[in-house]
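The chain contents come next:
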Amino acid sequence: MVASLRLPSLTSLLFPATTRYPAALRRTVCLRNRPASGFASGTAASTDAHRLRSKQAVTPRSQDFNAWYLDVIASAELADHGPVRGTMVIRPYGYAIWEAIQEYLNVKFKETGHSNMYFPQKEASHVEGFSPELALVTVGGGSELEEKLVVRPTSETIVNHMFTQWIHSYRDLPLMINQWVNVTRWEMRTKPFIRTLEFLWQEGHTAHATPEEAEKEAKQMIEIYTRFAFEQTAIPVIGGRKSKLETFAGADKTYTIEAMMGDRKALQAGTSHNLGQNFSRAFGTQFQDENGERQHVWQTSWAVSTRFVGGIIMTHGDDTGLMLPPKIAPIQVVIVPIWKKETEKTGVLSAASSVKEVLQAAGVRAKLDDTSERTAGWKFNFWEMKGVPIRIEIGPRDVSSNCVVVSRRDIPGKAGKVFGISMEPSTLVAYVKEKLDEIQSSLLEKAVSFRDSNIVDVNSYEELKVAISSGKWARGPWSASDSDEQRVKEETGATIRCFPFEQTQGIKTCLMTGNRAEEVAIFAKSY
């Protein structure tokens, strides 16, 4: 029998589950013999699997957003359908985006005093309340296991087990660690990158001597996530505090960054939890303070996952495919040489190769597509699908004039194409870097404009219902009860995404009760 730790019912650390599964679905599973199926169930599963394997044209976003999303993932070669139900295989291009996320955050984590380490994937106990999402290993070496092993859904259990052994004195604090790992959640409805049976994430865990230190840490990490979203991915998230109902059940407070996707649904892109002493009391994680008294530590945990890749797709992509912000793009510039006659080939390829070397030496992630099996037009479409921010075209005339043609992915057609840019290294590098910065800024400005135009300020429940029914986010004063919040969810399908950190001043009146309200909340339907 698997040991169970009695804490309040815990939802997902990264994205709280909004559906509790019936008892019939809370079963022990043997991972070895799971049948293959799609990212969802039934007909939807086979349709999704087909889309991830298909090379068909991309469905227009306005026609079917989910079909468009799956088409882009397939055509841009980001991921493929895995052989086990609800899993995905992240392909090299998709994984390169995740690596860019890792590279930025790793630096920030270490700058703020955190160290990377690794905990085992399987453990002998789990937190009670996680059962619907657990996968258990029941057989090992051909024999039934006496002690069932939990495949990691999150790591509070094993982290606290080890913290209890490592922390003895105030001199051992703060203890601040992070790990980059895979986790398993037995999801019943899945969507690639957004919600899958297995996904990749980082999870940070810290222990502190005082509640003030833990609160400062929780807010610091959500600020790091916020800066990352704005500066690297050009996603204008809204940071704030979760409501009591939406707070991670093992936490005193949950802070979140909420992003508006292209279909105007909210995506919880990252969370940071002030766990208080909830876990340290359950595990007996204590230290001797400076006065010789035994105290329970104060803890935090925080995480982002590969769902950020899905957020990038759904924020910036268009009917042509993926559109990547330059700072997160694995390839920032693709160079396409063009020739018709064999006598032109050598000169064009030589010039194209020189351009690539110049850009790479300047720190630009450039790729030369010198394959001869495809036409230039096919290459244009292919790299546009993969969201490469800039395309440089070089033909015989360009070689003669020592110039190139530069096209921007974010401005379609002739409007985004500039002729006659000099190949002289300093001129070309300066121009390309300037345009990469412009694209980064332009994508953020466009996303901010889209977000702000789809948030409606409301002052009554009727106005909230109208806003949600039209697919928008509703923002209004809120001081109502948990039962009122649940009513909103049941009647509109929307939840409180957060109480934003940025609040308007002045006296407010709750949109539901008419009572005094200190804060405004944002309501939206979400993934």
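Residues numbered from 1 in each chain as written. Predicted model: local features only at pLDDT ≥ 70, side-chain atom pairs only at ≥ 80, totals over all residues. Heavy atoms only, no water.

For the chain, an unreviewed UniProt entry supplies the name proline--tRNA ligase and the organism Brassica napus.

A. Highlighting the packing of helix 3 (residues 92-111) against helix 5 (residues 211-231). Running from amino to carboxyl end, helix 3 crosses helix 5 at an angle of 145 degrees, the nearest separation of the two axes being 11 Å. Helix-helix and strand crossings are classified by hand; for helix 3 and helix 5 the assignment is right-handed. From helix 3, Ile101, Tyr104, Leu105, Lys108 and Phe109 reach across to helix 5, where they touch Met221, Ile224, Tyr225, Arg227, Phe228 and Glu231. Residues of the contact of helix 3 with helix 5, tallied by class, amount to eight nonpolar, no polar and three charged. (Axes fitted to C-alpha atoms, helices over the stretch in contact; angles between N-to-C directions. Helix = DSSP H or I, 4+ residues; strand = E, 2+ residues; numbered from the N terminus. Left-handed = near helix turned anticlockwise from the far one by under 90°. Contact = heavy atoms within 4.5 Å. Nonpolar A, V, L, I, M, F, W, Y, C, P; charged D, E, K, R; others polar.)

B. The sheet that holds strand 18 (residues 366-368), seen in detail. An order of 18-17-19-20-21 is seen for the five strands of this open sheet, with the pairing classed as mixed. Sheet topology places strand 18 and strand 21 (417-422) at the edges, where each strand pairs with a single neighbour. Geometrically, the sheet is characterised by an average inter-axis angle of 25 degrees between neighbouring strands, direction not taken into account. Pairing analysis gives three bridges linking strand 17 (residues 333-337) to strand 18, with the strands arranged parallel. Of the residues in strand 18, the one forming a bridge with Val333 is Ala366. (Pairing = 2+ DSSP bridges.)

C. Up close: the environment of Pro326. Relative to the helices and strands, Pro326 is located in the loop between helix 7 (307-316) and strand 17. Taking C-alpha positions, Pro326 is 8.5 Å from Thr233, a pair spaced 93 residues apart along the chain. Residues contacting Pro326, with those up to four places away along its chain left out, are Gln332, Arg365, Pro389, Leu436, Ile439 and Gln440.

D. Region of the structure containing the nonpolar core. The biggest cluster of nonpolar side chains holds 56 residues, and the ones touching the most others in it are Tyr69, Leu78, Leu105, Phe193, Phe308 and Ile313. When residues in this core are grouped by element, the largest group, eight residues, is from helix 3. Ignoring anything within four residues of it in the chain, the contact list for Leu78 reads Ile73, Val89, Ile90, Arg91, Tyr93, Gly94, Ile97, Phe193, Ile313 and Leu322. (Core = buried A, V, L, I, M, F, W, Y, C linked by side-chain atoms within 4.5 Å. Buried < 20%, exposed > 50% of the residue type's maximum accessible area, 1.4 Å probe, protein only.)

E. Quick look at helix 13 (residues 482-492). For helix 13, the complete set of buried residues consists of Asp484, Glu485, Val488 and Thr492. End-on, the buried residues of helix 13 take up no more than an arc of 105 degrees, which puts them together on one face. Among the exposed residues of helix 13, those pointing more than 90 degrees away from its buried face are Ser483 and Glu490. Considering only its buried residues, helix 13 is in contact with helix 12 (461-469), strand 24 (495-500) and strand 27 (520-524). Trailing helix 13 by a residue or two, Gly493 shows a phi angle of about 80 degrees, which is positive. (Arc of directions from axis to C-beta.)

F. Structural view of empty space enclosed by the protein. A complete count under the given rule lists two cavities of 30 Å³ or more for this structure. Each pocket or cavity is described by its volume, and for the second largest cavity that value is around 30 Å³. Around the second largest cavity sit Ile235, Val237, Ala259, Met261, Leu267, Ala269, Arg307, Phe308 and Gly311, which together line it. Elements supplying a minimum of two residues to the lining of the second largest cavity: strand 13 (266-276) and helix 7. The biggest single contributor to the lining of the second largest cavity is helix 7, with three residues. Partitioning the lining of the second largest cavity into residue classes produces seven nonpolar, one polar and one charged. (1 Å grid on protein atoms, 1.4 Å probe; cavity = no way out; pocket = protein on both sides within 12 Å on 5 of 7 lines; lining within 4 Å. Points joined across faces, edges and corners; volume = space filled by probe spheres on them.)

G. Main features of unusual backbone geometry. A cis amide bond links Leu173 with the next residue in sequence, Pro174, at an omega value of -5 degrees. Among the secondary structure elements, Pro174 is positioned in the loop between helix 4 (156-166) and strand 9 (175-184). Although it is not a glycine, Phe193 sits at a positive phi angle of roughly 70 degrees. Here Phe193 lies in the loop between strand 9 and strand 10 (198-208). For Phe193, a relative accessible area of 2% translates into the label buried. Unusually for a residue other than glycine, Asn402 sits at a positive phi of about 55 degrees. Mapped onto the elements of the fold, Asn402 is located in the loop between helix 10 (396-401) and strand 20 (403-408).

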